[in-house]
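# Residue-level structure breakdown
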Amino acid sequence: MPLPELTERERRVLEAVIQAYVETAQPAGSNAIARRFGLGVSPATIRSTMSDLEDKGLLYHPHTSAGRVPTDVAYRIYVDSLLPLPRVQLKEHDQLSSQIVGGGSAVESILRRAAQSLGVITQELGVALGPRLDGSVLERLDLVRLSSERLLVALSLSGGAVRTIFVEARGQVADAALAEVTRVLNERIAGLTLREIRNSVGDRLRDTGPTRDASELLNVFIEEGDQLFESAIYGEDSVLLGQPSLLADQPEFANVDSMRKLVALTETREHLTDLLRKRNETPGITISIGNEHQDPKLESFTIVTAQYHSGGVTGVIGVIGPTRMPYDKVISLVTHTSRLITDLLE
């Protein structure tokens, strides 16, 4: 749906209402806007303009309040065309840098610190998606027997990353067959990216001519290889969260229904993982607001994320918060954090 056209006065009043509401969490009235922002027009003119903005679907009256509150569409217009240049707060940037850089160098450790620190500084829920490794090259594959019918597949990747996946064999696998399948897999798929392997592993293994004992295990990789290597690209439990209590203290979550939505969001990791994976397809900043998610679980939230990267490794860092959010500050800090993570990974 196209966004409504605004006059210059409407743009200035809308920006003032949003800034006032973000700072106070209280519906904005025309007298308060006139006193605070000095728009050069009377409260009556501002009141009339706010009525026009309400007719355009950008403001609404909560309950019987005399003031007005921005809609999701208003926030979208604000982010796309009214937002001032992101504020560079050196103190906050330095604080983020010191908290993220100090500590262990493992990727998960870096992301955990980043999600925690970003959440504390923005007072939103920090969130990070572990690296997507579809561009990483498989250097070596090893099969390790865990039980008579269960195997661990250890993938050694470029850049020192390691992924493990589990395979259920169809019956007991002899040592000779295990060694043969390991050799065939390394001959056929080592040196390829995980993306290439996922998309073509079945075709690459069909004409290998294995021994009878090895053929049954190799058929598992032929038939299920795309799913196995898909799980290797993303890994498990790859979403890391900051402190949900930072959101719980905000006025939007004072009632039971809103708090229930917040709890459901943080406890359903699989849903959150899928959401962030889709955002990992887009470089730069991605912002989705309220009903734009087309998901009742997320209609009260804004999600601001940025992609970090290092060679073939990409992931997502950002925050989740109410739609009433200081967008300029959040965008600046999320962008800065993504660059910090990129520098550390490189």
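The structure displayed is predicted, hence computed values, not measured ones.

So, about the overall build of the chain. The secondary structure content of the chain amounts to 13 helices and 10 strands. Counting only C-alpha atoms and orienting by the principal axes, one finds that the chain spans roughly 85 × 40 × 35 Å. Counting the 346 residues in the chain, one finds 51% classified as buried. At a minimum sequence separation of 6, the contacts of the chain that also span at least 24 residues come to 63%. Of the roughly 16500 Å² that the chain leaves accessible, carbon and sulfur atoms contribute 48%. Seen as two clouds, the 36 positive and the 46 negative side-chain charges of the chain have centres 4 Å apart.

We now examine the side chain of Asp72. Examined against the element boundaries, Asp72 turns out to sit in helix α4 (residues 72–82). Of the side chains with opposite charge, Arg76 comes closest to the buried, unpaired Asp72, at an N-O distance of 9.5 Å. Ignoring anything within four residues of it in the chain, the contact list for Asp72 reads Ile289, Gly290, Asn291, Glu299 and Thr323.

Turning our attention to the side chain of Asn280. Along the chain, the position of Asn280 falls in the loop between α12 (269–279) and β8 (285–289). Judged by relative accessible area, which is 3%, Asn280 ranks as buried. Ignoring sequence-local partners within four residues, the contact set of Asn280 consists of Leu129, Arg132, Gln307, Thr314, Gly315 and Val316.

Under the defined criterion, the tally for this structure stands at 3 aromatic pairs. With 6.4 Å between their ring centres and 65° between their planes, Tyr78 and Tyr327 make a pair best called edge-to-face. A residue pair is termed long-range when its members are at least 10 positions apart, and Tyr78 in helix α4 and Tyr327 in helix α13 (residues 327–345) qualify at 249 residues. Residue classification places Tyr327 among the buried positions, given a relative accessible area of 1%. Among the aromatic residues, those joined into a ring-pair cluster are Tyr75, Tyr78 and Tyr327.

Turning our eyes to something else, we now look at helix α5 (residues 90–101). With 12 residues, α5 should reach 16 Å at 1.5 Å per residue; the first-to-last C-alpha distance of 16 Å fits that figure. For α5, every residue scored as buried is listed here: Glu92, His93, Leu96, Ser97 and Ile100. Taken end-on, α5 shows its buried residues confined to a sector of 140°, consistent with a single buried face. Those residues of α5 that are exposed and aimed more than 90 degrees away from the buried face are Leu90, Lys91 and Asp94. Looking at the buried residues of α5, the elements they touch are α6 (107–122) and α13.

Okay, the packing of α6 against α13 next. In helix packing, the relevant descriptors are the interaxial angle and the interaxial distance, both defined with respect to the helix axes. Axis separation between α6 and α13 bottoms out at 11 Å; the angle between their running directions is 165°. In this view, α6 runs roughly antiparallel relative to α13, as classed from their interaxial angle. With respect to the hand of their crossing, α6 and α13 are arranged in right-handed fashion. Between α6, through Val107, Ile110, Leu111, Ala114, Leu118, Ile121 and Thr122, and α13, the contact on the second element is made entirely by Lys329, Val330, Leu333, Val334, Thr337, Ile341, Leu344 and Leu345. The residue inventory of the contact of α6 with α13, partitioned by class, reads 12 nonpolar, 2 polar and 1 charged.

Attention now goes to the sheet that holds strand β10 (residues 313–322). Within a sheet, adjacent strands bond to each other through the backbone by hydrogen bonds, running parallel or antiparallel. The antiparallel open sheet is built from 5 strands, whose spatial order is β7-β3-β10-β9-β8. Two strands close off the open sheet at either side, each with one partner strand: β7 (239–241) and β8. Pairs of neighbouring strands in the sheet enclose a mean axial angle of 20°, with direction left out of account. Strands β3 (125–132), β7, β9 (301–310) and β10 of the sheet are contacted by α6, whose axis makes an angle of about 155° with β3.

A few words on the sheet that holds strand β5 (residues 150–157). Taken in spatial order, the 3 strands of this open sheet run β4-β5-β6, and their pairing is antiparallel. Every other strand in the sheet has two partners, leaving β4 (138–145) and β6 (162–168) as the edge strands with one partner each. For this sheet, the mean inter-axis angle between neighbouring strands, taken without regard to orientation, is 20°. Here β5 pairs with β6 via 7 bridges, running antiparallel. Across the sheet, Ser156 pairs through a bridge with Val162, a residue of β6. Against the sheet, helix α7 (residues 175–189) makes contact with β4 and β5, and its axis sits at roughly 165° relative to β4, the strand it touches most.

The phi dihedral of Gln123 falls on the positive side, at around 60°, and the residue is not glycine. The residue Gln123 is located in the loop between α6 and β3 in this model. The backbone of Gln294 shows a phi angle near 55°, a positive value even though the residue is not glycine. Topologically, Gln294 is positioned in the loop between β8 and β9. Under the relative-accessibility criterion, Gln294 is labelled exposed at 75%.

Rules behind the numbers
- Residues numbered from 1 in each chain as written.
- Predicted model: local features only at pLDDT ≥ 70, side-chain atom pairs only at ≥ 80, totals over all residues.
- Heavy atoms only, no water.
- Helix = DSSP H or I, 4+ residues; strand = E, 2+ residues; numbered from the N terminus.
- Buried < 20%, exposed > 50% of the residue type's maximum accessible area, 1.4 Å probe, protein only.
- Contact = heavy atoms within 4.5 Å.
- Areas by Shrake-Rupley, 256 points an atom, 1.4 Å probe, with all protein chains shown as cover.
- Lys, Arg positive; Asp, Glu negative; His and termini not counted.
- Charge placed at Lys NZ, Arg CZ, Asp CG, Glu CD.
- Salt bridge = Lys/Arg side-chain N within 4 Å of Asp/Glu carboxyl O.
- Phe/Tyr/Trp six-rings, centres within 6.5 Å; stacked < 30°, edge-to-face > 60°.
- Expected span 1.5 Å × (residues − 1).
- Arc of directions from axis to C-beta.
- Axes fitted to C-alpha atoms, helices over the stretch in contact; angles between N-to-C directions.
- Parallel < 35°, antiparallel > 145°, perpendicular 65-115°, else oblique.
- Left-handed = near helix turned anticlockwise from the far one by under 90°.
- Nonpolar A, V, L, I, M, F, W, Y, C, P; charged D, E, K, R; others polar.
- Pairing = 2+ DSSP bridges.

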